[in-house]
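Each chain, letter by letter, is given below.
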Amino acid sequence: MFSFQNPAAFLVLLLIPLLYILRHLKFFKRNTFKVVLSDWEGKAFEWKGKFRKFLSYLSKAMLLAGFVLGVISLADPVISKQEKVYTNIGSDIIFVIDTSPSMAARDVDSGTRLNAAKNAIKSIIKNHDGFRYGIVTLGSNASILVPPTNDFSTFEKRMEEIQIGLLGNGSAIGDGISTAVCHLYSSSAPKKAIILLTDGENNAGEIHPETAAGLAKRNKIPLYIIGLGSKGTVPIEYTDPVSGKLYSGYLDSNFDASSLRKLSESAGGRYFESRTIQELINTMEEVAKSQDISQTFTYRTEKKHFYKNFILAALILLFITWILKRIILKEKTNFHKKKQLLIRSILIAFSTTMMLLAYLDFSWGLELVPVQKNGSAVSFVFDISNSMTVDDGPENITRLESAKIFSKKLLERLQGSTVSLVIAKGDGVTAIPLTEDFSMIESLIDILSPNLMTVPGTSIGKGILKAKETFPKNFSSAPKIWVFTDGEETEGQLINAFSECIKSGISVTIVGFGSEEASNLVTGDGKSVVQTALRREEVLEAIDTAQKKVPFYNKQDILYFVDSGERGAALKLLSQISDKDTGTIAYEAKEVSQYKLFLVLALAGIILSFIITELNYSRFLTASAGLIILSLTGCSNSSNILSGTLQFKQNHYKKAIYYFLKVAEKSEDPTIKAFALYDLGTAYQQTGEFEAAMQQFEKIPQSAPDSVKYAAFYNSGIIAQKQSDYEEAKKYFKKALEIDNTRIEAKINMELAMEMAQGVVKQNQSSTTQVQEEKEELPDLDKALFKHIRENDQKQWKNSESQQNQNLANDY
């Protein structure tokens, strides 16, 4: 929706007709100069400057157009788009993707079967963004690529990396299904499903497809199978990712649909066939709709600003105007008012410069933006640099081994939260996106080592920044980053990372490992020796510096340091995860663009250029004499409301309350008093004094303007919603809509309150059922299969270890 953020700026355009009115009233005079119509020889004056006259009019039109465009920029044109922010989890779906060579057949809209599967998956994610998705790839064996996650950025990045033949030439369908079930088993999602995308039969792997289907059925996970491509002779071409050899030719495509149909139906699912991308999208859409559940959500407004486009156009016009007037027309030499015109030239040049600075969009200062949070999400950041291999931990184990033990104990107590895992060395890499699949996280923790990354050095800061990226915007979990490290930092990125997390309202805790007594460590070159220790003081200094850079967070606990060796260290971390993260308001810092300041200066320069050169000072002073005595009646109330509003905008709510309270108590004007009561209630609401806020809203009389009554009822509904009194919230939103039924935000919140009121009991029943299900003992066969799959996960991580020796002195 297109709108203007600051429509009051258009009032400045009234200065244009005002200029012509003042000229008519002789308060302003056009610049003119006298010419002699004939000389002493009788030769008459002849005007030959038609082109110059045209340029003069053109320069005036351009100056006017530049002024108008500057005002439009000041009004801040935007296109707003509302995006859902989910406050509870949806369904979990894992896509099992066949990567055998036959998936390179080009018979799905002239593209490969694999690319068709990727495009269809992207479409489903876009249409069902409240779900969590995972990927299992299968070839001669199967591998979990992405556990069920709502980090769609990482999901799509990993999906794009899938290549034909990456896991060999077979189709281990049984292994693929079993791997998907293993990684869905621990999920708390109300619905779970597996979608297998294949074009062949099971001809590899260690687990029979029927065994895998039985595993899915016992765990109540339906299996949907989609047969891709057409039957017959089809062209095929792909490059083997291992050898780099190009294969091309024709494939005799003839897979057994009946066995795939039987397999899917035995696991409570269905079988489909798709020969075009649209058929595939429609099929997957049908499956996704069958997994839909009722989700609660709020809205986040994303705004795309267009002021820079208008500023650029105004800047070009002002620059051309200055060229025309000062270089081509040479106004300051043609007129007798050289001083005034010289000043106007300087002012237009000043306005052009200010427009340029506005276009460059300088930012300074920060403002706090409230964000609703529900639940917790934690990102584990592991420092795997060589300094973590020093054995000064408890019982002489290495710092990294200490971190593994400590983190796995924490993981056991994080049920109900989602966790991601980032590894940091000379850079930061997201190894596992946010997920409830703790078994996958544990499998990676067990084999963490410096060999997992080849980038030398230590950059805890880059690891923190990478962890920050793992928190998706369309889910409202309260984000936390826990960094397991000895504090050694060779890149100098720590303070910057802290500052960025503070601005985003993300809590960061450094968990220190090792002794503060220095130990010797041989660096990556095998020759140099450095001293390494737990750098407690350096970390605390970085925390202090970062908090000073963002001063308004000084009083809020958002950066911590915890020594893992101290008693109660784990409890300090776990105390950050509690019910207080449900339905709370957190604050994110946003940089304040100062383009409006430069725009105001630019427009002021243009206005002054007319005042200085055209104002009839004597007439103006005479007229002003009659306007010296002004009535001060009502000024006090207006001043207090203005002062209160300014304090409110600056988040100084206590001071705002002081000013609004004065007006509410003293004003005899019912309209002014109604506005003051509403402003006072809103200020109380921002400080969390909800009862006081409700009292002020209730005092607003029925004779108050509809806009005030609507806003009071709407805010009362928001307060009731925050206090989980959904029935009361419904009443207030209904009253607000009775005043103005066109307001979409009241409709959305009323529907949300109705859903929440109905969903509380259902959610409690669901939680009870879920706990009972979790207590059920797994059959021995399932246990054996899950153990086998987790061992394969660890093999996958170990296979990614690098054996390269960087031989660098800064690798520690």
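Refer to the structure presented above.
Quantities reported herein were computed from a predicted structural model and do not represent experimental measurements.

J.: Describe the overall build of the protein chain, listing the residues and the values that go with them.
T.: Of regular secondary structure, the protein chain possesses 27 helices and 21 strands. Looking at the protein chain as a whole, 48% of its 812 residues qualify as buried. Excluding contacts between residues fewer than 6 apart, the proportion of contacts in the protein chain whose partners are at least 24 apart in sequence is 79%. Total accessible area on the protein chain stands at roughly 40200 Å², and carbon and sulfur atoms take up 54% of it.

J.: Describe helix α1 (residues 15-24), naming the residues involved and giving the relevant values.
T.: Three- or four-residue spacings in an α-helix give side chains the same orientation, since the helix completes a turn every 3.6 residues. Those residues of α1 not exposed but buried are Ile16, Leu19 and Arg23. Buried residues of α1 fall within an arc of 55° about the axis and therefore sit on the same side. Of the surrounding secondary structure, the elements contacted by the buried residues of α1 are α2 (50-74) and α18 (595-614). Where α1 terminates, the next one or two residues include Lys26, which has phi positive at roughly 70°.

J.: Give me the lowdown on the sheet that holds strand β4 (residues 132-138), citing residues and values where you can.
T.: Taken together, six strands build an open sheet; the order of strands is β5-β4-β3-β6-β7-β10 and the sheet is mixed. A single partner strand is all that each edge strand has here, and the edge strands are β5 (142-149) and β10 (271-274). In this sheet, neighbouring strand axes are inclined to one another by 15° on average, regardless of whether the strands run parallel or antiparallel. Note that strand β6 (residues 192-198) and strand β7 (residues 223-228) share five bridges and pair parallel. Opposite Thr198, over in β7, you have Gly227 as the bridge partner. Contacting β3 (92-98), β4 and β5, helix α4 (residues 152-160) crosses the sheet at an angle of about 20° to β4.

J.: Describe the environment of Lys231, listing the residues and the values that go with them.
T.: Checked against the element boundaries, Lys231 lands in the loop between β7 and β8 (232-239). Judged by its relative accessible area of 42%, Lys231 falls in the partly exposed class. Along the chain, Lys231 and Ser253 lie 22 residues apart, while their C-alpha atoms are 4.8 Å from each other. Ignoring sequence-local partners within four residues, the contact set of Lys231 consists of Ser253, Asn254, Phe255 and Ala257.

J.: Let's hear about unusual backbone geometry: which residues, and what values?
T.: If you check the backbone angles, Lys220 has positive phi at about 55° while not being a glycine. Tracing the sequence through the fold places Lys220 in the loop between α6 (209-218) and β7. What makes Lys220 exposed here is its relative accessible area of 65%. A positive phi is found at Glu395, a non-glycine position, where the angle reads about 55°. Looking at the secondary structure, you find Glu395 in the loop between β13 (376-383) and α12 (399-412).

J.: Run through the nonpolar core, naming residues and quoting values.
T.: Core analysis: the largest hydrophobic core is formed by 65 residues, its most contacted members being Trp482 and Phe484. Examining the composition of this core, we find that six residues originate from one element, helix α5 (residues 173-184), more than from any other.

J.: For a nonpolar patch on the surface, give the residues involved together with the corresponding values.
T.: Residues Phe350, Leu356, Leu360, Phe362, Trp364, Leu597 and Leu601 make up a contiguous nonpolar surface patch of about 630 Å² in total accessible area. Looking at the nonpolar patch, the elements that each hand over two or more residues are α11 (338-360) and α18. Take the nonpolar patch: its biggest share by element is three residues, from α11. Relative to the elements of secondary structure, Phe362 occurs in the loop between α11 and β12 (363-373).

J.: Explain the pattern of salt bridges to me, and be specific about the residues and the numbers.
T.: Evaluated as defined, the whole model comprises 24 salt bridges. For Glu273, the salt bridge identified is with Arg275, shortest N-O distance 3.3 Å. Judged by relative accessible area, Arg275 falls into the partly exposed class, the value being 37%. As a salt-bridge pair, Asp544 and Lys548 come within 3.2 Å of each other at their nearest N and O atoms. Here Asp544 pairs with Lys548, and both are found in helix α16 (residues 536-549), just four residues apart, close to one helical turn. For Asp544, a relative accessible area of 36% translates into the label partly exposed. Each of Glu516, Arg536, Asp563, Glu566 and Lys572 takes part in one network of salt bridges that share partners.

J.: I'd like a rundown of the packing of aromatic side chains, residues and numbers included.
T.: Scanning the model with the defined rule gives 21 aromatic pairs in all. Measuring from centroid to centroid gives 6.2 Å for Tyr133 and Phe155, while their planes differ by 55°, and the two rings are tilted. Placement of the pair is Tyr133 in strand β4 and Phe155 in helix α4, with a sequence separation of 22 residues. Like Tyr133, the residue Phe155 is buried in the burial classification. Measuring from ring centre to ring centre gives 6.1 Å for Tyr710 and Tyr714, while their planes differ by 15°; the resulting arrangement is stacked. Taken as a pair, Tyr710 and Tyr714 lie in helix α24 (residues 706-722) at a separation of four residues, close to a single helical turn. For the residue pair Tyr710 and Tyr714, the accessibility class agrees, reading buried in each case. Aromatic ring contacts, followed pair by pair, group Phe380, Phe382, Phe406, Trp482, Phe484 and Phe513 into a single cluster. The ring of Tyr20 is capped by Arg23, whose NZ or CZ atom sits 5.5 Å from the centre of that ring. The aromatic ring of Tyr359 is capped on one face by Lys308, whose charged end is 5.0 Å from the ring centroid.

J.: Which residues make up the packing of α2 against helix α9 (residues 307-328), and what are the values?
T.: Between α2 and α9, the shortest axis-to-axis distance is 8 Å and the interhelical angle comes to 155°. One way to sum up the angle between α2 and α9 is to call them roughly antiparallel. Where α2 crosses over α9, the two elements pack in a sense that is left-handed. Residues that form the contact of α2 with α9 fall into these classes: 17 nonpolar, five polar and three charged.

J.: I'd love a proper account of the sheet that holds strand β14 (residues 418-424), names of residues and values included.
T.: Pairing is mixed across the open sheet formed by six strands, whose spatial order is β15-β14-β13-β16-β17-β20. Among the strands making up the open sheet, the edge pair consists of β15 (428-435) and β20 (559-563). Recorded for the sheet is a direction-independent mean angle of 15° between the axes of neighbouring strands. Across five bridges, strand β17 (residues 507-512) lies against β20 in parallel orientation. Considered in β20, the bridge of Val508 is made with Leu559.

J.: Before we move on, could you go through the packing of helix α15 (residues 494-503) against α16 and cite the residues and values that matter?
T.: Orientation of α15 relative to α16, taken along the N-to-C sense of each, is 45°, at an axis distance of 9 Å. Taken as axis vectors, α15 and α16 run oblique relative to one another. α16 is crossed by α15, and the crossing has right-handed handedness. Between α15 and α16, the residues in contact are Leu494, Ile495, Phe498, Ser499 and Ile502 and Val539, Ala542, Ile543, Thr545, Ala546, Gln547 and Lys549, respectively. Residues of the contact of α15 with α16, tallied by class, amount to eight nonpolar, three polar and one charged.

Calculation notes
- Residues numbered from 1 in each chain as written.
- Predicted model: local features only at pLDDT ≥ 70, side-chain atom pairs only at ≥ 80, totals over all residues.
- Heavy atoms only, no water.
- Helix = DSSP H or I, 4+ residues; strand = E, 2+ residues; numbered from the N terminus.
- Buried < 20%, exposed > 50% of the residue type's maximum accessible area, 1.4 Å probe, protein only.
- Contact = heavy atoms within 4.5 Å.
- Areas by Shrake-Rupley, 256 points an atom, 1.4 Å probe, with all protein chains shown as cover.
- Arc of directions from axis to C-beta.
- Pairing = 2+ DSSP bridges.
- Axes fitted to C-alpha atoms, helices over the stretch in contact; angles between N-to-C directions.
- Core = buried A, V, L, I, M, F, W, Y, C linked by side-chain atoms within 4.5 Å.
- Patch = residues over 30% accessible without salt bridge, like charges linked within 9 Å, V, L, I, M, F, W, Y side chains within 5 Å.
- Salt bridge = Lys/Arg side-chain N within 4 Å of Asp/Glu carboxyl O.
- Phe/Tyr/Trp six-rings, centres within 6.5 Å; stacked < 30°, edge-to-face > 60°.
- Lys NZ or Arg CZ within 6 Å of the ring centre and 35° of its normal.
- Parallel < 35°, antiparallel > 145°, perpendicular 65-115°, else oblique.
- Left-handed = near helix turned anticlockwise from the far one by under 90°.
- Nonpolar A, V, L, I, M, F, W, Y, C, P; charged D, E, K, R; others polar.

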